Amino acid sequence: TWHLKKIPQIVRERTFSLDSPKFEAKTKLELNSVCGIECQRKLPVPSLSDLKDLLSYETVFENGTRTLTEVNVLGVVLDPAGNTTTRRSLRKKRQIYGTDSRFSIYDKRFMTNFPFNTAVKVSTGCSGILISPKHVLTAAHCLHNGKDYVKGSKRLRVGLMKTKSRGNGRKRKGAKRNGMPSFQWTRVKSTHIPKGWFKGVSGDIALDYDYAVLELKRPQKRKYMELGISPTIKMMPGSMIHFSGFDNDRSGQLVYRFCSISDESNDLFYQYCDAEPGSTGSGIYLRLKEPNKKKWKRKIIAVYSGHQWVDINGEQQDYNVAVRITPLKYAQICFWIHGNDKNCTQG
């Protein structure tokens, strides 16, 4: 069951104009080093002052201008346990992890209907998910390498799968004959990235803030997926998660997968869902029951960050890592969508 939680408040304090970015960074769909499970356990609990700094954010607009918004955080309860993990025994899944368990979604009835139609392609080569009629959630490193914005993010676009109608040109008629949907591209009006992503890139990369929200120029008339707060592994049916994206090795195809989570920290999930570059930035979702109702509902509870090698008990292990939607991140993303905190009191 989805459990309602009281959400901390993110309040805008001051906004400053910054110099325009250079947009010269190279896009990296896989990061080389990461603060892994053992590293996460050693990280200190962030103070309120730290959180205000980490959750302040940069906004880049379509014309290349950039601002920094400082925020205050109200009603947050700091976790004295810090970045602990479940310390579950590691199950050897090599033989399963090595077998491709992804599903390509070919049928246009599925590709253009919920929940698969919420998956989008970002023009820098990543995936994302529609979280409102005009907002897309994706991974921060698809747009920024920690020091500068990537080259393709200056004229950023988002592609949504759509079945073409008749009479719209030669290409569209061809798409109609073979029955396959194709991307309809729309420009991005602005991009929000938390300052925690910039701070975490020096030294060992901490993926805790590897998420971003894109505001589209035009709202989309399709069903989007709501945000949810990430439950612990124990509260998930079979510990199972699901996500769809546009993997590089299956060009033009929407690829769906599901798997169980192996380990978790306060901010990250470690799992063995098969995924190739290109699916980075996909929205990971669960299907749980609504409180006091028999109805099931899907909600996004994490953002897929990518494949990582992490240190566990002095050995290198590989995982696919996702950034959890915590109450604080829920508050921030909700604030970006609505522009205020009044609609973000519960999640």
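Described below are features of the structure shown in this document. Every value quoted in this text rests on a predicted model; they were computed, and no experiment measured them.

**Digging into the nonpolar core**
Within the largest apolar cluster, 68 residues are counted, with the highest numbers of intra-cluster contacts made by I131, L137, Y211 and I333. Among the elements that take part in this core, helix α7 (residues 327-338) stands out by supplying eight residues, more than any other. Grouped together as the second largest cluster of nonpolar side chains are 17 residues, W2, C259, I261 and A302 included.

**A short note on the packing of aromatic side chains**
Under the definition given, this model contains 12 aromatic pairs. Ring plane angle 35° and centroid distance 6.3 Å describe the contact between Y209 and Y211, whose orientation is recorded as tilted. When sorted by exposure, Y209 lands in the same class as Y211, which is buried. Among the aromatic side chains, those forming a connected cluster through ring pairs are Y57, Y209, Y211, F335 and W336. Here the guanidinium or amino end of R157 rests over the ring plane of W185, the centre of that ring lying 4.7 Å away. The ring of F114 has K223 sitting right over it, with the charged end atom 4.3 Å from the ring centre.

**Points about the pattern of salt bridges**
Under the defined criterion, the tally for this structure stands at 11 salt bridges. With its nearest N and O atoms 3.3 Å apart, the salt bridge here joins E58 to R66. Of the two residues, E58 and R66, both sit in the buried class. For D267, the salt bridge is made with K329, and the minimal N-O distance between the two is 2.7 Å. Of this pair, D267 sits in the loop between β12 (254-264) and β13 (268-271) while K329 sits in helix α7, and the two are 62 residues apart along the sequence. For the pair D267 and K329, a shared accessibility class is recorded, and that class is buried. Salt bridges sharing common partners tie together E62, R187 and K217.

**Concerning α7**
Over its 12 residues, α7 extends 16 Å from the first C-alpha to the last, a length consistent with the 16 Å expected when each residue adds 1.5 Å. For α7, a buried count of 10 out of 12 residues is recorded, marking the element as mostly surrounded by other parts of the structure. For α7, the set of buried residues is L328, K329, Y330, A331, Q332, I333, C334, F335, W336 and I337. Of the residues flanking the end of α7, it is G339, one or two places downstream, whose phi is positive at about 80°.

**Let's talk about a nonpolar patch on the surface**
A grouping of V45, L48 and L78 is seen on the molecular surface, where their side chains present a nonpolar patch of about 220 Å² in accessible area. On the basis of relative accessibility, which here comes to 39%, the residue L78 falls in the partly exposed class.

**Notes on helix α2 (residues 48-55)**
Within α2 the residues assigned to the buried category are L51, L54 and L55. Each buried residue of α2 lies within a common arc of 85° when the element is viewed along its axis, so the set occupies one face.

**Some thoughts on the side chain of E58**
Summarising the element assignment, E58 is placed in strand β2 (residues 57-61). With residues up to four places along the chain from it excluded, the contact list for E58 reads L18, R66, T67, L68, Y149, T191, H192, I193 and F198.

**Focus on the environment of Y57**
When you line up the elements, Y57 lands in strand β2. The exposure class of Y57 is buried, given its relative accessible area of 3%. Taking the C-alpha atoms as reference points, Y57 and Q332, 275 residues apart in sequence, are found 9.4 Å from one another. If sequence neighbours within four positions are ignored, Y57 has contacts with R12, T67, L68, T69, V71, H192, I193, P194, K195, Q332, F335 and W336.

**A short note on the pairing of β2**
The buried count for β2 comes to four of five residues, which makes it a mostly enclosed element. Looking at chain direction, β2 and strand β3 (residues 66-74) are connected through four bridges and run antiparallel. Looking at β3, one finds that T59 is bridged to T67. Hairpin connection of β2 to β3: four residues between the antiparallel strands, including G64 at a positive phi of 95°. In the sheet, β2 pairs with strand β9 (residues 182-194) via five bridges, with the strands oriented antiparallel. In the sheet register, T59 faces β9, and the bridge partner there is H192.

**Thoughts on the environment of R218**
Examined against the element boundaries, R218 turns out to sit in the loop between β10 (212-216) and β11 (240-245). Setting aside residues up to four positions removed in sequence, R218 forms contacts with P133 and T186.

**Overview of the pairing of β11**
Most of β11 is tucked away, with five of its six residues classed as buried. Examined bridge by bridge, β11 and β12 share six bridges and lie antiparallel to one another. When the sheet's bridge partners are listed, H242 is paired in β12 with F258.

**Some thoughts on the state of the cysteines**
Under the criterion given, the structure shown has two disulfides. In this model C126 forms its disulfide with C142; the gap between the sulfur atoms is 2.1 Å. Taking the sign of the torsion about the S-S bond as the criterion, the disulfide between C126 and C142, at about -95°, is left-handed. Separated by 16 residues along the polypeptide, C126 in the loop between β5 (119-122) and β6 (127-132) and C142 in the loop between β7 (135-138) and β8 (157-162) bring together distant segments of the chain.

Thresholds applied
- Residues numbered from 1 in each chain as written.
- Predicted model: local features only at pLDDT ≥ 70, side-chain atom pairs only at ≥ 80, totals over all residues.
- Heavy atoms only, no water.
- Core = buried A, V, L, I, M, F, W, Y, C linked by side-chain atoms within 4.5 Å.
- Buried < 20%, exposed > 50% of the residue type's maximum accessible area, 1.4 Å probe, protein only.
- Helix = DSSP H or I, 4+ residues; strand = E, 2+ residues; numbered from the N terminus.
- Phe/Tyr/Trp six-rings, centres within 6.5 Å; stacked < 30°, edge-to-face > 60°.
- Lys NZ or Arg CZ within 6 Å of the ring centre and 35° of its normal.
- Salt bridge = Lys/Arg side-chain N within 4 Å of Asp/Glu carboxyl O.
- Expected span 1.5 Å × (residues − 1).
- Patch = residues over 30% accessible without salt bridge, like charges linked within 9 Å, V, L, I, M, F, W, Y side chains within 5 Å.
- Areas by Shrake-Rupley, 256 points an atom, 1.4 Å probe, with all protein chains shown as cover.
- Arc of directions from axis to C-beta.
- Contact = heavy atoms within 4.5 Å.
- Pairing = 2+ DSSP bridges.
- Disulfide = S-S within 2.5 Å.

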